[in-house]
Amino acid sequence: MKHGLLIDMDGVIYSGETLIEGADKFIGNLLKNDIPFTFMTNNSQRTRLDAVRKLKLLGIEVTENHIYTSAMATGKFLGDQGAHTAYVLGEGGLLTSLHENGISLVNSDPEFVVLGEGRNFTLEMVQRAVDMILAGAKFITTNRDPSPKKPGWNNLGIAATTAMIEEATGRKAFVTGKPSPVMMRSARKYLGLETAETTVVGDTMETDIQGGVQMGYKTILVLSGIAKKEDLSQYAFKPDLIVSSVDQIETPLKWWS
Ligand SMILES: [Mg+2]
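Residues numbered from 1 in each chain as written. Predicted model: local features only at pLDDT ≥ 70, side-chain atom pairs only at ≥ 80, totals over all residues. Heavy atoms only, no water.

Participant: How should the overall build of the protein chain be read in this particular structure?
Facilitator: The helix and strand tally for the protein chain stands at eight helices and 13 strands. Its C-alpha atoms give the protein chain a radius of gyration of 18 Å, near enough to 18 Å, the size a compact globule of 257 residues would have. Here the C-alpha coordinates of the protein chain stretch approximately 55 × 35 × 35 Å along the principal axes. The buried share of the protein chain, reckoned over its 257 residues, is 51%. A separation threshold of at least 6 residues defines the contact pool for the protein chain, and within that pool the share at least 24 residues apart is 67%. Looking at the protein chain as shown, the accessible area adds up to about 12500 Å², and 51% of this sits on carbon and sulfur atoms. Taking the average location of the 26 positive side-chain charges in the protein chain and that of its 30 negative ones, the two points are 3 Å from each other. (Helix = DSSP H or I, 4+ residues; strand = E, 2+ residues; numbered from the N terminus. Rg over C-alpha atoms; globule rule 2.2 N^0.38 Å. Buried < 20%, exposed > 50% of the residue type's maximum accessible area, 1.4 Å probe, protein only. Contact = heavy atoms within 4.5 Å. Areas by Shrake-Rupley, 256 points an atom, 1.4 Å probe, with all protein chains shown as cover. Lys, Arg positive; Asp, Glu negative; His and termini not counted. Charge placed at Lys NZ, Arg CZ, Asp CG, Glu CD.)

Structure (structure tokens):
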């Protein structure tokens, strides 16, 4: 049986602009041994090329084929749902993916309002989105990653914006990014793997690990990012393996036989 990996990036491969020690060696090893993998990121703002360039600056050389984003999962989902039009609060990667899946971006009367990460939309645009949802448009958010709640970070992130629109409309957003099965499943299919062949590597219990556990994938938590060892007992689910960083992951994994 073949085996492959869905690998989160932030907190796993890099932290901000800094490479996590050993991550380049880990990815180099996967490439050398022809182990299928894709990076799986909830960030819908960046295009695949943006992600490839960022990795290259950190010394990791991969192609766009190695990148799977929540923007891609969202575009594919809307295409599969037969959607035609969307009003988008978001940037780069999300706009590209919706185009690629045949969704027209409109400024009035959309079927869907789609929210992604961004710094360029205004409260006026948020108000317009709220009015569209109240008039019947469906509300999708690419993810609900929590704010880091630290000074100097992106604390007005997507969870905060999603909550603002939910409060103003009384409608809950449908989430397409991790831990949603929409993305967890489409990323696996993108790699051509079966459930039993899939392992998720991530630093966040609420997204990577919960998503993987719910899908029946194997899961590896790295402690180089958000999750702290002392907090793990509060979760009703646990990863199959916990390591300090990807540097400690040895392939073939023990369940690859
Ligand atoms: Mg992460």
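Having seen the structure, we can now continue with the description.
Participant: Can you help me understand the coordination of the magnesium ion in this one?
Facilitator: By definition of the ideal shapes, a tetrahedral metal site with four donors has angles of 109.5 degrees and an octahedral site with six donors has angles of 90 or 180 degrees. The protein atoms that coordinate the magnesium ion are Asp8 (OD), Asp10 (O) and Asp203 (OD), at distances of 2.0 to 2.3 Å. Spacing between the donor residues of the magnesium ion along the chain follows D-x1-D-x192-D. Taken together, the residues Asp10 in the loop between strand 1 (4-7) and strand 2 (14-15) and Asp203 in the loop between strand 11 (198-202) and helix 8 (205-215) connect sequence positions 193 residues apart. Classification of Asp203 as buried rests on a relative accessible area of 3%. (Donors = N, O, S within 2.8 Å, 3.2 Å for Na, K, Ca; no water.)

Participant: Got a minute to help me understand the packing of helix 3 (residues 70-80) against helix 7 (residues 181-191) in this structure?
Facilitator: Between helix 3 and helix 7, the shortest axis-to-axis distance is 9 Å and the interhelical angle comes to 95°. One way to sum up the angle between helix 3 and helix 7 is to call them roughly perpendicular. Within the contact between the two elements, helix 3 uses Ser70, Met72, Ala73, Lys76 and Phe77 and helix 7 uses Val182, Met183, Ser186 and Tyr190. Split into classes, the residues belonging to the contact of helix 3 with helix 7 amount to six nonpolar, two polar and one charged. (Axes fitted to C-alpha atoms, helices over the stretch in contact; angles between N-to-C directions. Parallel < 35°, antiparallel > 145°, perpendicular 65-115°, else oblique. Nonpolar A, V, L, I, M, F, W, Y, C, P; charged D, E, K, R; others polar.)

Participant: What is the right way to read the sheet that holds strand 7 (residues 104-105) from this model?
Facilitator: The strand order across the open sheet built from five strands is 7-6-8-9-10, with neighbouring strands paired in parallel fashion. Taken across any chain shown, the strands that pair with only one partner, and hence form the sheet edges, are strand 7 and strand 10 (174-175). Relative to strand 9 (residues 138-141), helix 6 (residues 158-169) is tilted by about 165°, and along the sheet it contacts strand 6 (85-89), strand 8 (112-115) and strand 9. (Pairing = 2+ DSSP bridges.)

Participant: For this particular structure, what's the right way to read the layout of surface pockets?
Facilitator: Empty space among the atoms can be located by rolling a probe the size of a water molecule over them. The volume enclosed by the largest pocket comes to roughly 1600 Å³. Lining the largest pocket we find 46 residues, and of these Asp10, Pro146, Pro148, Trp153 and Asn154 sit closest to its centre. For the lining of the largest pocket, the secondary-structure elements that each account for two or more residues are strand 2, helix 5 (123-134), helix 6 and helix 8. The biggest single contributor to the lining of the largest pocket is helix 6, with four residues. Looking at the lining of the largest pocket residue by residue, the class counts come to 13 nonpolar, 18 polar and 15 charged. (1 Å grid on protein atoms, 1.4 Å probe; cavity = no way out; pocket = protein on both sides within 12 Å on 5 of 7 lines; lining within 4 Å. Points joined across faces, edges and corners; volume = space filled by probe spheres on them.)

Participant: I would appreciate a short explanation of the pairing of strand 1 in the present structure.
Facilitator: The side chains of a regular strand alternate, first on one face of the sheet and then on the other. Across the two faces of strand 1 the burial is the same, with Gly4 and Leu6 and Leu5 and Ile7 all buried. Inspection of the sheet shows strand 1 paired to strand 11 by four bridges, in the parallel sense. Residue pairing for strand 11: Ile7 is matched across the bridge by Val201. With three bridges joining them, strand 1 and strand 4 (residues 37-41) adopt parallel strand pairing. If you follow Leu5 over to strand 4, its bridge partner there is Phe37.

Participant: What exactly am I supposed to notice about the nonpolar core here?
Facilitator: Most often, soluble globular proteins have nonpolar side chains that are buried together. In terms of nonpolar packing, the biggest core is built from 29 residues, with Leu5, Ile7, Ile13, Ile27, Phe39, Leu55 and Val201 touching the most fellow members. At the level of secondary structure, the elements contributing two or more residues to this core comprise strand 1, helix 1 (23-32), strand 4, helix 2 (48-57) and strand 12 (218-222). Per-element accounting of this core gives the leading share, four residues, to helix 1. Grouped together as the second largest cluster of nonpolar side chains are 15 residues, Leu89, Val113, Ala137 and Ala173 included. (Core = buried A, V, L, I, M, F, W, Y, C linked by side-chain atoms within 4.5 Å.)

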